[in-house]
Amino acid sequence: MSITQAQIAEIVARVRARRPLVHHITNYVTVNGVANITLCMGALPVMAQAKEEVEQMVEAAGALVLNLGTLWPEQVEAMVIAGRRANQLGIPIILDPVGAGATSLRTESALRLLNELSIAVVRGNAAEMAVLAGPAAGVEAKIKGVESIGGRADPAGIATELARRLHCVAAVTGPVDGVCDGTRCVRVANGHAMMGKVTGTGCMATAVIGACAAVEADFVLATATALAAYGLSGERAAAQSRGPGTFQVQLLDALAELSAQDLLSGVRVKEERAPA
Amino acid sequence: MSITQAQIAEIVARVRARRPLVHHITNYVTVNGVANITLCMGALPVMAQAKEEVEQMVEAAGALVLNLGTLWPEQVEAMVIAGRRANQLGIPIILDPVGAGATSLRTESALRLLNELSIAVVRGNAAEMAVLAGPAAGVEAKIKGVESIGGRADPAGIATELARRLHCVAAVTGPVDGVCDGTRCVRVANGHAMMGKVTGTGCMATAVIGACAAVEADFVLATATALAAYGLSGERAAAQSRGPGTFQVQLLDALAELSAQDLLSGVRVKEERAPA
Amino acid sequence: MSITQAQIAEIVARVRARRPLVHHITNYVTVNGVANITLCMGALPVMAQAKEEVEQMVEAAGALVLNLGTLWPEQVEAMVIAGRRANQLGIPIILDPVGAGATSLRTESALRLLNELSIAVVRGNAAEMAVLAGPAAGVEAKIKGVESIGGRADPAGIATELARRLHCVAAVTGPVDGVCDGTRCVRVANGHAMMGKVTGTGCMATAVIGACAAVEADFVLATATALAAYGLSGERAAAQSRGPGTFQVQLLDALAELSAQDLLSGVRVKEERAPA
């Protein structure tokens, strides 16, 4: 059985009906876009990272999104504290390992979170995810700052390898996104090249996954839904934009006004069995 | 005697003529919008929160805006230090207790600032303000993250209660805003539902209050002016917007170009005596 | 020999071809715009300020941009650590002394960075730069928060004085920008008054200088190129804007789509010998 456009449209409708709270511990570069895209998806964002309050905040949330974009050691501590409480309560955690591979601090912090917490979904670009899969995974990728460059590995292949090693859902985003839990894989072919020309589009993708994971416990399905709806919004925004500035604005409008009909006709997903 | 549209237009003109410096110690989610809305109102924003410099910075300011949106303990210390200096110099302090009620840290930090400093104006949504008024105030409200949900209490009622308990001007914003000093109440009926669909519109309202309080010592009048001008800009921006992304952009343009004539014809305020 | 429009167009093309990584340690007010303008210029931004990772991050960068907009002591330490490593590797450092003169912390931190590091380019408004030049420089300027007000000094004059005292390239931006290394001076007459009406346009100018300095070791030329291309984008954006909100959006589009032909016909630079 394969994921259908109707399932995706139904999950988006569920987010909008339930308005789950999504607790973000995130970077200060893209945080405004992350909050707004969460709202445009239909969920409620809250940003809180004081160690003194993260446990109490996550208790009210439907999902916890951890983003390493401008990490510092105390922030990572807050992520662990919030994450442990989320795990106790069965609240799904989504991890965005921004810049894993660029510095030891980033790689080690991402691996620490993956080891110490039960992560539901990890989403990154090919380079970040190849680093987390480890050199033995045999995938090649190169990172420049926080940008994946020149890697030619198959996203679904990296996602499969990572999902099996880390026992979570892995989502590798790029021209075609690969989402895998080690057994099932979904390719999402929505999105637009303009998404690579503004900052924060990766962080925003992770935020939308958080909104969907708050209402759908099949995290492959939740993640594919998020990436399809978000990618389709990117396509529609690009058609209305002259450049990166207007695109950033149109992207919010496009996701906010995305209808069930848009999803039924525009989503391009394909489910397959993971390679053995 | 009631507040008039002419008074409001005159105060807005005063902000633009004097260009007061507004010192913000604020959250990193909405800080860019807060800085820009301050500029669009005609004032000059400055963001500074190192404990080593906040006293010196506030000395040059016409108002100090304290926003708890992404508080951490050291930031709250900086707020107290800046606030004490502001109080010594008679510089008005505006408090935005973002998320009061959502965590103990937020509630306690807001109450601490209200107790240790002389606050001129506190502005929040119905839930945040009901929490600060205390359970004995008998107002009901529910907070989800930093969003007020489902409360049905009258904004002017909460504002009256809070103003009397805290001896400051209280502004409860929502579909109709209530501004009260315990005796006089003003209802401001400007604004648009779109303001609830983007992040930071509450923080920006508080920033605009700061700009007005810097030039007008009648803080009920200053606050009503700010909420009316800002709300009217929201109405005009919504008429130009397709969704939350374009609205966020148009809101800045709308406030920057708001004319005396716009204010005279578009402001909807009503003053009344507070209930006994 | 004078700087030509053809040289400027060639350097912009070089940024776009090489896509240098620009490492920013910067403020949280304007950081999103800084990241996006870096991308729109054709370079790759990365923001990282944990002391534990800044050395490793800057090793991969073509330039390091230090911005004091919301400084705190630990951040300044990270700037020194990153800056020392950049100096060892010959990676140019660009300094934006936001608010120098407004508080002692800002002035002293800027001077400390100028003393302890070898800075390639320092860019500020007239007031900030006059403060750094020192009272003996005989230039007058007044700062209000982080805004330069009322100074009537000649930008090129301040830049010359500062370049000679600090042995670096100094860029004073305003209606006409002055760029000087103590011997050569370039005046850049591109830009638009709208750039003074939104927050972050100064920070973004510094970011664009970083992108150019990463590919051109003649820092007078690199800085003039950056200010001309950025200023020309501001002119083109203003022609498409109704107010500050739309301008901020159009500025990103304008820089991203700026062509060699636009530069050849629109850049207004004039090189001269510095006064004796």
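An account of the accompanying structure is given in this report. Within every chain, residues take consecutive numbers counted from 1 along the sequence as written. Labels are handed out in written order, letters beginning with A for the chains and numbers beginning with 1 for the ligands. Under the rules for a predicted model, residues below a pLDDT of 70 receive no local features and side-chain atom pairs below 80 are neither given nor counted, while totals for whole chains, interfaces and linings still include all residues.

**Remarks on the interface of chain C and chain A**
Worth spelling out the cut-off: Each residue gets a C-beta atom placed from its backbone, and two residues are in contact if those atoms lie within 7 Å. Numbered from the N terminus, helices here are DSSP runs of H or I no shorter than four residues, and strands are runs of E no shorter than two.
Taken together, the contact between chain C and chain A spans 27 residues of the former and 26 residues of the latter. Sorting the residues of the side of chain C that touches chain A by element identifies α2 (31-41), β2 (44-47), α3 (54-59) and α10 (244-257) of chain C as the ones contributing at least two each. At 7 residues, the largest contribution of residues to the side of chain C that touches chain A is made by α10(C).

**Points about the relation of the copies chain C and chain A**
Heads up, the rule is: Superposition of the copies used a least-squares fit over C-alpha atoms from residues whose pLDDT is at least 70 in both.
Overlaying chain C on chain A yields an RMSD of 0.0 Å, the required transformation being a rotation through 120° with an accompanying axial translation of 0.0 Å. Within this description, the copies of the chain are treated as partners about a three-fold rotation axis. The C-alpha atom lying nearest the rotation axis in chain C is that of C:Tyr28; the distance is 3.6 Å. Here only 11% of the contact residues of chain C are again contact residues in chain A; the copies associate through non-equivalent surfaces.

**Observations concerning the interface of chain B and chain A**
To keep things clear, this is the line we draw: When residues are sorted by character, Ala, Val, Leu, Ile, Met, Phe, Trp, Tyr, Cys and Pro go into the nonpolar class, Asp, Glu, Lys and Arg into the charged class, and all the rest, Gly among them, into the polar class.
Listed per partner, the contact involves 26 residues of chain B and 27 residues of chain A. Listing elements by their share of the side of chain B that touches chain A, those giving two or more residues are α5 (104-116) and α10 (244-257) of chain B. Classifying every residue of the side of chain B that touches chain A gives 11 nonpolar, 10 polar and 5 charged.

**Concerning the nonpolar core**
Inclusion rule: For this analysis, nonpolar core means a set of buried Ala, Val, Leu, Ile, Met, Phe, Trp, Tyr and Cys residues linked through C-beta atoms within 7 Å. Note on burial: count the other C-beta atoms lying within 10 Å of the residue's C-beta; 20 or more is buried, 12 or fewer is exposed, in between is partly exposed, and C-beta positions come from the backbone.
With 345 residues, the main nonpolar core has A:Val208, B:Val208 and C:Val208 as its most contacted residues. Those residues in contact with A:Val208 that lie beyond four places of it in its chain are A:Ile37, A:Met41, A:Ala226, A:Ala229 and A:Tyr230.

**Some points on helix α5 (residues 104-116) of chain C**
Three or four residues apart is the spacing at which side chains of an α-helix point the same way, because the helix has 3.6 residues per turn. Residues and elements named next belong to chain C. For clarity, the threshold we go by: Given the number of residues in a helix, its expected span is that number minus one, multiplied by 1.5 Å. As used here, the arc belongs to the directions running from the helix axis to the C-beta atoms.
If you check α5, its first and last C-alpha atoms are 18 Å apart, about what 13 residues at 1.5 Å a residue would give, namely 18 Å. Those residues of α5 not exposed but buried are Leu 105, Arg 106, Ser 109, Ala 110 and Leu 113. Buried positions in α5, seen along its axis, are confined to an arc of 125° and lie on one side of it. Exposed residues lying more than 90 degrees from the buried face of α5 are Ser 104 and Asn 115. Buried residues along α5 sit in contact with β3 (63-67), α4 (73-89), β4 (93-96) and α6 (126-133).

**Let's talk about the sheet that holds strand β10 (residues 184-188) of chain C**
In a beta sheet, neighbouring strands are held together by backbone hydrogen bonds and run either parallel or antiparallel to one another. All names here are of chain C. Heads up, the condition is: Strands were regarded as paired on the criterion that DSSP finds at least two bridges between them. Orientation is described by axes fitted as lines to C-alpha atoms, over the contacting stretch for helices, and by angles from 0 to 180 degrees between their N-to-C directions.
An order of β2-β1-β3-β4-β5-β8-β9-β10-β11 is seen for the 9 strands of this open sheet, with the pairing classed as mixed. Edge strands, defined here as strands with exactly one partner in the open sheet, are β2 and β11 (269-273). Strand after strand, the sheet turns through a mean of 20° between neighbouring axes, direction not considered. As judged from the 4 bridges shared by strand β9 (residues 177-180) and β10, these two strands associate in the antiparallel manner. Looking across to β10, one finds that Val 179 is bridged to Val 186. Relative to the sheet, helix α7 (residues 155-166) contacts β5 (121-125), β8 (169-173), β9 and β10, its axis offset from that of β9 by approximately 25°. Along the sheet, helix α9 (residues 219-238) makes contact with β5, β8, β9, β10 and β11, crossing β10 at roughly 5°.

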